[in-house]
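If you want the building blocks of each chain, they are given just below.
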Amino acid sequence: MFTIFNFIGSIFGYILWAVFWVFQNFGVAIIVFTLIFRAILFPSSIKQQRSMAANASLQAKQKEIREKYANNKAKQNEEIQKLYEKEGVSPMSGCATSLFPMFIMLGIYYAVVRPLSNVIHLSAQALGQINMIPGVYVTQNNIYSEMNALKLFTNPDNVNVLINQGLPANELHEIHNLAGGFNFLGLDLLSIPKDTGFTSWIIIIPILCLVTSLGSQILTMRMQGNPMQGQQGCMKYMMLLLPLITVYISYIVPGAVGFYWVWSTIFGFVQTLLINKFYSAAHMTARAEAEHVALLEFKEAKVPYDYQPVSAPQQTTSNKKKK
């Protein structure tokens, strides 16, 4: 799975590098880059919402089928399949639309956290030369090792090591330029909050991770009528514990990672607001029913209508019969 996500991240890295080239700031590049892909994924989110609304509208009919054929599972499954075909709904469509954005977002994540391999696209030989710097060990096992290596490029001695190792001047310039672009509004996005302590401003990134993650979870559940209300045990609080895990990870990794999570959460919540306002399940169900009624009326209008009333037989009187 690492190879797949890293490959996707390598492709997205070209876009991230283009955005960085325009703004010359990795923090701004992360914001713009995340916004671009959230906009790209927005139609997929709408499609997922439509699939969820379509499946929700069939719940009552499925319940009737299960009750009617409670003692015949084969007939039950057959009738449910016919129901899906009749309504034009695929039971697996929601899964497909859910997996696609997950692959995209993980690809974006790998583009952000591996700037040397996936943004600058350094060769394996160049990465090996970087490992000659004392204290640097870039490896695939440590996904944040490339960000840790970038911190050392502010030291001229480390640059001299790469020059002596024969690193091409253009690659050295790109690395140095990228390393100098991680300062965002006074925050060094290459520093690790755990190492700097609570006296550094970089600690605000884990705090923002907590506020945005927990806040978006609570507000989203309120908009959806608190779907966790019926859950019990750990499942009831799992969605609230995940933001805390995110905060801990953002505390022990370079600030750029938590910075990306913050903006991804913000844009994701804005997307949720738009979907719930214009593409809510009730709204989508009502629209689907209206389109279904309109389609029936359209088909009925195309049926030829030829009404010729049959005249009533004439009644003859008894005198006429005698004549």
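Relevant structure appears above.
*Asks:* For this particular structure, what's the right way to read unusual backbone geometry?
*Replies:* For residues other than glycine, phi is negative in most cases, and the peptide bonds are mostly trans. One non-glycine residue, His-121, adopts positive backbone phi at about 60°. Looking at the element boundaries, His-121 is found in the loop between helix 6 (115-119) and helix 7 (124-130). Relative accessible area serves as the criterion here: at 22%, His-121 is assigned to the partly exposed category. The phi angle at Leu-185 is positive, at roughly 50°, despite the residue not being glycine. On the secondary structure map, Leu-185 appears in the loop between strand 1 (183-184) and strand 2 (187-188). Owing to a relative accessible area of 76%, Leu-185 belongs among the exposed residues under this scheme.

*Asks:* Mind showing me how you'd approach the packing of helix 12 (residues 204-223) against helix 14 (residues 255-278) here?
*Replies:* When two helices pack together, their arrangement is captured by the angle between the axes and the distance separating the axes. In contact at an axis separation of 9 Å, helix 12 and helix 14 are set at 20° when each is read in the N-to-C sense. Taken together, the axes of helix 12 and helix 14 lie roughly parallel to each other. Viewed along their axes, helix 12 and helix 14 form a crossing whose handedness is left-handed. Packed against helix 12, whose contacting residues are Ile-205, Leu-208, Cys-209, Thr-212, Ser-213, Ser-216, Leu-219, Thr-220 and Met-223, the element helix 14 presents Gly-255, Gly-258, Phe-259, Trp-261, Val-262, Thr-265, Ile-266, Phe-269, Thr-272, Leu-273 and Asn-276 at the interface. Looking at the contact of helix 12 with helix 14, its residues break down into 11 nonpolar, nine polar and no charged.

*Asks:* Is there a simple way to explain the pattern of salt bridges in this structure?
*Replies:* Working definition: two side chains of opposite charge can pair if their charged atoms are close together. According to the stated counting rule, one finds one salt bridge in the structure shown. Salt-bridge contacts for Lys-194 lead to Asp-195; the nearest nitrogen and oxygen are separated by 3.3 Å.

*Asks:* What should I look at first to understand the packing of aromatic side chains in this one?
*Replies:* Remark: the centre distance and the inter-plane angle together describe each pair of aromatic rings, the angle taken between the planes. For the coordinates displayed, the defined rule picks out 11 aromatic pairs. Their ring planes at 25° and their centres at 5.5 Å tell us that Trp-17 and Phe-20 sit as a pair that is stacked. Of this pair, Trp-17 and Phe-20 both sit in helix 1 (residues 2-23), three residues apart, which is roughly one turn of that helix. Given the relative accessible area of 0%, Phe-20 is considered buried. A network of ring pairs unites the aromatic residues Phe-5, Tyr-109, Tyr-110 and Trp-261 as a single cluster.

*Asks:* What should I look at first to understand helix 10 (residues 169-179) in this one?
*Replies:* Given 3.6 residues to a turn, an α-helix orients residues that are three or four positions apart in the same direction. Residues Glu-171, Leu-172, Ile-175, Leu-178 and Ala-179 constitute the buried set of helix 10. For helix 10, the angular spread of buried residues about the axis comes to 130°, placing them on one side. Along helix 10, exposed side chains directed more than 90 degrees from the buried face belong to Ala-169, Asn-170 and His-173.

*Asks:* Looking at this structure, how should I read the environment of Ile-36?
*Replies:* Topologically, Ile-36 is positioned in helix 2 (residues 26-57). Classification of Ile-36 as partly exposed rests on a relative accessible area of 35%. Here the alpha-carbon distance between Ile-36 and Ile-15, two residues 21 residues apart in the chain, equals 9.8 Å.

*Asks:* Just to check I follow, could you spell out the environment of Ile-202 for this structure?
*Replies:* Within the fold, Ile-202 resides in the loop between helix 11 (193-196) and helix 12. Separated by 54 residues in sequence, Ile-202 and Ala-256 place their C-alpha atoms 10.0 Å apart. Those residues in contact with Ile-202 that sit more than four places away from it in its chain are Leu-187, Asp-188, Ser-191, Pro-193, Thr-196 and Gly-255.

*Asks:* What's the story with the nonpolar core in this structure? I'm lost.
*Replies:* Proteins that are soluble and globular tend to have nonpolar side chains buried together. Residues Tyr-109, Leu-116, Leu-150, Ile-175 and Phe-182 are the most contacted members of the largest nonpolar core, which totals 56 residues. The dominant element in this core, judged by the number of residues it contributes, is helix 5 (residues 93-113), at eight residues. With sequence-adjacent residues up to four places away left out, Phe-182 is seen in contact with Phe-26, Met-147, Leu-150, Leu-187, Asp-188, Leu-189, Leu-190 and Ala-256.

Analysis parameters
- Residues numbered from 1 in each chain as written.
- Predicted model: local features only at pLDDT ≥ 70, side-chain atom pairs only at ≥ 80, totals over all residues.
- Heavy atoms only, no water.
- Helix = DSSP H or I, 4+ residues; strand = E, 2+ residues; numbered from the N terminus.
- Buried < 20%, exposed > 50% of the residue type's maximum accessible area, 1.4 Å probe, protein only.
- Axes fitted to C-alpha atoms, helices over the stretch in contact; angles between N-to-C directions.
- Parallel < 35°, antiparallel > 145°, perpendicular 65-115°, else oblique.
- Left-handed = near helix turned anticlockwise from the far one by under 90°.
- Contact = heavy atoms within 4.5 Å.
- Nonpolar A, V, L, I, M, F, W, Y, C, P; charged D, E, K, R; others polar.
- Salt bridge = Lys/Arg side-chain N within 4 Å of Asp/Glu carboxyl O.
- Phe/Tyr/Trp six-rings, centres within 6.5 Å; stacked < 30°, edge-to-face > 60°.
- Arc of directions from axis to C-beta.
- Core = buried A, V, L, I, M, F, W, Y, C linked by side-chain atoms within 4.5 Å.

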